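Here are the chains, one letter per residue:
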Amino acid sequence: MAEHNDFSTEAIHSGQIEDPFGAAVSPLYDSTTFSFADTEALLEVVGGRKQAAFYSRYGMNPSITSLEQRLAALDKAESALAFGSGMAAISALCLAFGRGGMICLGEIYGGTTVFLQHQAKLLGIGTQFIASDDHAALKASLAQGASLVFMETPANPTLKISDIEKTAALCHQHGTRLAVDNTFATPINQQPLALGADFAVQSATKYLGGHSDLTAGVVSGTDRDITELNEWRKSLGQAIAPEIAHKLKRSLVTLPLRIERHNKNAQTLAEYLSQHPLIDKVYYPGLVASENHDLAARQMQGFGGMLSFDLKGSGAAARQFADRLTLMKLAPSLGGAETLITQPVTSSHYGLPKALLDRAGISDRMIRLSVGLEAVDDLIADLEQALKAIA
Ligand SMILES: *Cc1c(COP(=O)(O)O)cnc(C)c1O
């Protein structure tokens, strides 16, 4: 396990707005526009000589920029940009930096796959899809030319871990940028930029928001790259709303605390499930027996709140099991305080061809948990009663 970084102080104090009334927390600026004393002062901002509040769709709003300072501090990035959703962040990133060709490494979020296979393709952006550990294929694709490699680790729903450092080194040999979707890990458990990635991307709808009550996204990187990305966000009108920025900034205060508890609860459930006679296999990088454990221990500071498992028996039994749970809610999405359960074949991977599912290692007996913040004994009791019911 790598050294554990304590982000608590940054999560609370970074990006604090100086307020004339001495407000202990930054106020919300829901104003769409900001005024100037005179034309000279306005021209300083319009001409880019001074950074100041100006117009909210440009992201030039104190509630947005102060959130971005906090997000950058957590990602240990020069800059961060906040978007209206995770897909807004990902699509802008691909349009800004993927026009020389994209490579997707391993399993990535379904929405990202759809965007690349359909809309990006219509715009002439081609994508090569490569297995996560096929470094020979990656080298060959990079040699043919690509401007952005996109990867996700841990991946959904198999929690497969891919090597960020090694991939970044390969990309950089060819002058290609690497983006890592860090939604499952969050900066508390994994720091893609420190491992060599050029961009860390997250759906803030998940752990960063943390309460299943907001939709947002973020990209972090160098000042130069983020300035370029900002032009796309501005023209596509994808900036986060000030109200959501304010709410997200508040959620970040408890991110380190929440992730610590998510990690602990998931580890406990993974160990419980791996010893259960009705469970075939548990997918959780925190289990020492997991094939992903060594790599995860090297590149992560914690193993996260997501875990999957295969039940023994049939897909119908797995469905019955999901329906029997009472405390855990059957719902897509993840990262909230409440534990959510999905059967990937009836949700994120619904309707996909069997050959594709087999290749991804997803069966109809697989259940995915977004482990919440409840008392872990109550979660175990819920699993136990549902397993008894299908035994
Ligand atoms: C949810 C999710 C996204 C998309 O985020 P939205 O906020 O729903 O647009 C992207 N990547 C991962 C890994 C996700 O879980």
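Residues numbered from 1 in each chain as written. Predicted model: local features only at pLDDT ≥ 70, side-chain atom pairs only at ≥ 80, totals over all residues. Heavy atoms only, no water.

The helix and strand tally for the protein chain stands at 15 helices and 12 strands. Taken over the C-alpha trace, the protein chain has a radius of gyration of 21 Å; the compact-globule value for 391 residues is 21 Å, and the two agree within 12%. Based on the C-alpha atoms only, the size of the protein chain along its principal axes is roughly 75 × 55 × 40 Å. Taking all 391 residues of the protein chain together, 55% fall into the buried category. Of the charged side chains in the protein chain, 32 are positive and 41 negative; the average position of the first set lies 4 Å away from that of the second. (Helix = DSSP H or I, 4+ residues; strand = E, 2+ residues; numbered from the N terminus. Rg over C-alpha atoms; globule rule 2.2 N^0.38 Å. Buried < 20%, exposed > 50% of the residue type's maximum accessible area, 1.4 Å probe, protein only. Lys, Arg positive; Asp, Glu negative; His and termini not counted. Charge placed at Lys NZ, Arg CZ, Asp CG, Glu CD.)

Time to look at the site of the ligand. Around the ligand lies a shell of 13 residues, among which M87, D181, S203, T205 and K206 are the nearest. Residue D181 places a side-chain N or O atom 2.7 Å away from a nitrogen atom belonging to the ligand. Measuring from an oxygen atom of the ligand, one finds a side-chain N or O atom of T205 at 2.6 Å. The fraction of the free accessible surface of the ligand (380 Å²) that becomes covered by protein chains is 91%. Here the shell around the ligand takes 3 residues from helix α4 (residues 86–97), the largest share from any one element. For the shell around the ligand, the per-class residue count stands at 5 nonpolar, 5 polar and 3 charged. (Near = heavy atom within 4 Å. Polar contact = N/O pair within 3.5 Å; in protein donor to acceptor, adjacent residues only side chain to side chain. Areas by Shrake-Rupley, 256 points an atom, 1.4 Å probe, with all protein chains shown as cover. Nonpolar A, V, L, I, M, F, W, Y, C, P; charged D, E, K, R; others polar.)

Time to look at the pairing of strand β7 (residues 217–221). Counting buried residues in β7 gives 5 out of 5 residues, a clear majority hidden from the surface. Both faces of β7 are covered, namely the face carrying G217, V219 and G221 and the face carrying V218 and S220. Pairing geometry for strand β1 (residues 79–83) and β7, over 5 bridges, is antiparallel. Paired with A80 across the strands is S220, a residue of β7. Where strand β6 (residues 199–203) lies against β7, 4 bridges are found, and the strand directions are antiparallel. (Pairing = 2+ DSSP bridges.)

For the rest of this paragraph, the subject is the state of the cysteines. Covalent bonding between the sulfur atoms of two cysteines defines a disulfide. Counted according to the given criterion, the structure contains 0 disulfides. Between C104, a free cysteine, and C94, which holds the nearest cysteine sulfur, the sulfur-to-sulfur gap is 7.2 Å. Unpaired in terms of disulfides, C171 finds its nearest cysteine sulfur in C104, a separation of 12 Å. By relative accessible area, C171 is classed as buried at 0%. (Disulfide = S-S within 2.5 Å.)

In this section: the nonpolar core. If you look at the biggest cluster of nonpolar residues, it comprises 35 residues, and the most contacted ones within it are L269, L307, F309, L311 and F321. The biggest single contributor to this core is helix α15 (residues 376–390), with 7 residues. Apart from the residues lying within four places of it in its own chain, the contact partners of L269 are L307, M328, L369, V371, V376, L379, I380 and L383. (Core = buried A, V, L, I, M, F, W, Y, C linked by side-chain atoms within 4.5 Å. Contact = heavy atoms within 4.5 Å.)

Strand order across the open sheet formed by 7 strands is β1-β7-β6-β5-β4-β2-β3, with mixed pairing between neighbours. At either end of the open sheet lies a strand with only one pairing partner, and these are β1 and β3 (127–130). The average angle at which neighbouring strand axes cross in this sheet is 20°, direction not considered. The pairing of strand β5 (residues 177–181) with β6 spans 3 bridges and is classified as parallel. Paired with D181 across the two strands is V201, which belongs to β6. In the packing of α4 onto the sheet, contacts are made with β1, β2 (102–105), β4 (148–152), β5, β6 and β7, and the angle to β6 comes to roughly 150°. Packed on one face of the sheet, helix α5 (residues 110–122) meets β2, β3 and β4 and runs near 135° to β3. (Axes fitted to C-alpha atoms, helices over the stretch in contact; angles between N-to-C directions.)

Here we take up the domain arrangement of the protein chain. One frequently used descriptor of interface size is the decrease in accessible area upon assembly of the parts. As far as domains go, the protein chain holds domain 1 (7–252) and domain 2 (255–390). Taking only C-alpha atoms into account, the centre of domain 1 sits 27 Å from that of domain 2. Contacts between the two partners involve 35 residues from domain 1 and, on the opposite side, 37 residues from domain 2. Summed over both sides, the interface of domain 1 with domain 2 buries roughly 2,800 Å², with 59% coming from carbon and sulfur. Ranking the residues of domain 1 by area buried against domain 2 places I161, N189 and Y207 at the top, with a combined share of 27%. There are 1 salt bridge connecting domain 1 and domain 2. At the junction of domain 1 and domain 2, the tally comes to 15 residue pairs in polar contact (both at pLDDT 80 or more). (Domains from an automatic or database assignment. Buried area = accessible area lost by both parts, 1.4 Å probe. Salt bridge = Lys/Arg side-chain N within 4 Å of Asp/Glu carboxyl O.)

Turning our eyes to something else, we now look at the packing of helix α6 (residues 135–144) against helix α7 (residues 164–173). The contact between α6 and α7 brings their axes to 10 Å, and the two run at 25°. The pairing of α6 with α7 is recorded here as roughly parallel in orientation. Seen from above, α6 lies across α7 with right-handed handedness. Taken together, the residues of α7 that come into contact with α6 (itself represented by H135, L138, K139 and L142) are K166, T167, L170 and C171. In terms of residue class, the contact of α6 with α7 is built from 4 nonpolar, 2 polar and 2 charged. (Parallel < 35°, antiparallel > 145°, perpendicular 65-115°, else oblique. Left-handed = near helix turned anticlockwise from the far one by under 90°.)

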